[in-house]
Amino acid sequence: MSQSITDLVKELASPILENLQLELVDIEYVKEGKNWYLRLFIDSEDGVDIEECGMVSEHLSEKLDEIDPIPHNYFLEVSSPGAERPLKTKADFEKAVGKNVALKTYEPINGEKHFEGVLTDFDGEIATLEIRVKTKTKQVEIPWGKIAKARLAVSFNI
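By convention here, each chain's residues receive numbers from 1 onward along its written sequence. This being a predicted model, a pLDDT of at least 70 is required before a residue's local features are given, and a value of 80 or more before pairs of side-chain atoms are given or counted; all residues contribute to the totals for chains, interfaces and linings. To get the side-chain values, take all heavy atoms of the structure and skip hydrogens and water.

Colleague: How should I be thinking about the sheet that holds strand 6 (residues 126–133) in this particular structure?
Modeller: Strands belonging to one sheet form pairs held by backbone hydrogen bonds; the direction of such a pair is parallel or antiparallel. The strand order 7-6-5-4-8 describes an open sheet built from five strands, whose pairing is antiparallel. Among the strands making up the open sheet, the edge pair consists of strand 7 (136–143) and strand 8 (147–152). Across this sheet, the average inter-strand angle for adjacent strands is 40°, counted without regard to direction. At least two DSSP bridges between two strands are required for those strands to pair. A run of DSSP states H or I qualifies as a helix once it reaches four residues; a run of E qualifies as a strand once it reaches two. Both are numbered from the N-terminal end. By the bridge criterion, four bridges tie strand 5 (residues 112–122) to strand 6 in an arrangement that is antiparallel. Across the sheet, residue Asp 121 finds its bridge partner in strand 6, namely Thr 128. In this analysis an axis means a line fitted to C-alpha atoms, helices contributing only their contacting stretch, and an angle means the value between N-to-C directions, from 0 to 180 degrees.

Colleague: Help me out: how do you make sense of the sheet that holds strand 2 (residues 35–43) in this one?
Modeller: On the basis of which strands lie adjacent, the open sheet formed by three strands has the order 1-2-3 and mixed pairing. Looking along the sheet, the strands with just one partner apiece sit at the ends: strand 1 (23–32) and strand 3 (75–79). Going across the sheet, the axis of each strand differs from the next one's by a mean of 15°, ignoring polarity. The pairing of strand 2 with strand 3 spans five bridges and is parallel. Bridged to Phe 41 within strand 3 is Ser 79. In what follows, residue pairs with any heavy atoms lying within 4.5 Å of each other are defined as contacts. The strands touched by helix 1 (residues 5–19) within the sheet are strand 1 and strand 2, with strand 1 carrying the most contacts at an inclination of about 145°. Helix 2 (residues 50–67) rests against strand 2 and strand 3 of the sheet, and its axis sits at about 145° to strand 3.

Colleague: What's the story with the packing of helix 1 against helix 2 in this structure? I'm lost.
Modeller: For any two helices packed against each other, one specifies the crossing angle of their axes together with the interaxial distance. Contact geometry of helix 1 with helix 2 gives a least axis separation of 10 Å together with a crossing angle of 135°. Between helix 1 and helix 2, the angle falls in the class oblique. Helix 2 is crossed by helix 1, and the crossing has right-handed handedness. Only Val 56, His 59, Leu 60, Lys 63, Leu 64 and Ile 67 of helix 2 make contact with helix 1, whose side of the interface consists of Leu 8, Val 9, Leu 12, Ala 13, Ile 16 and Leu 17. The residue classification treats Ala, Val, Leu, Ile, Met, Phe, Trp, Tyr, Cys and Pro as nonpolar and Asp, Glu, Lys and Arg as charged. All others, Gly included, are polar. Residues that form the contact of helix 1 with helix 2 fall into these classes: ten nonpolar, one polar and one charged. Roughly parallel here means an angle under 35 degrees, roughly antiparallel means over 145, roughly perpendicular means 65 to 115, and every remaining angle is called oblique. Working rule for handedness: look at the near helix, and if it is turned counterclockwise from the far one by less than a right angle, call the crossing left-handed; if clockwise, right-handed.

This is the structure:
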């Protein structure tokens, strides 16, 4: 099969999600122990509930059963990405401006690879974070191409 499982699932899920006015955040197809898992993380402006996850699961399961692209048993899981949702696309970063984020870079920037702070700006190429170092705040600019992983980060600061 020339098309990867995650690409095929994205293609199958897109019209289902569009119809329900939901957004695809991420897809994972992973083996954990002896079991395979196909996981979809979905969201919307108002969040998602268990009924919406169930509807997506049911419709997607029907589509997957029709074409049977996965040769072995697997578990299909559809859920919300949670409070610390991953930031995968430039659009995700644009929506996250003003929120607390955690970033990991491919290579050190100012001697660091892990950053957490408020995303104050994203111009499509540079993510600007305001981070606290002891009692001071400073701005760090991180080029888009150097971001390995990013997610929203829950902050318990008062």
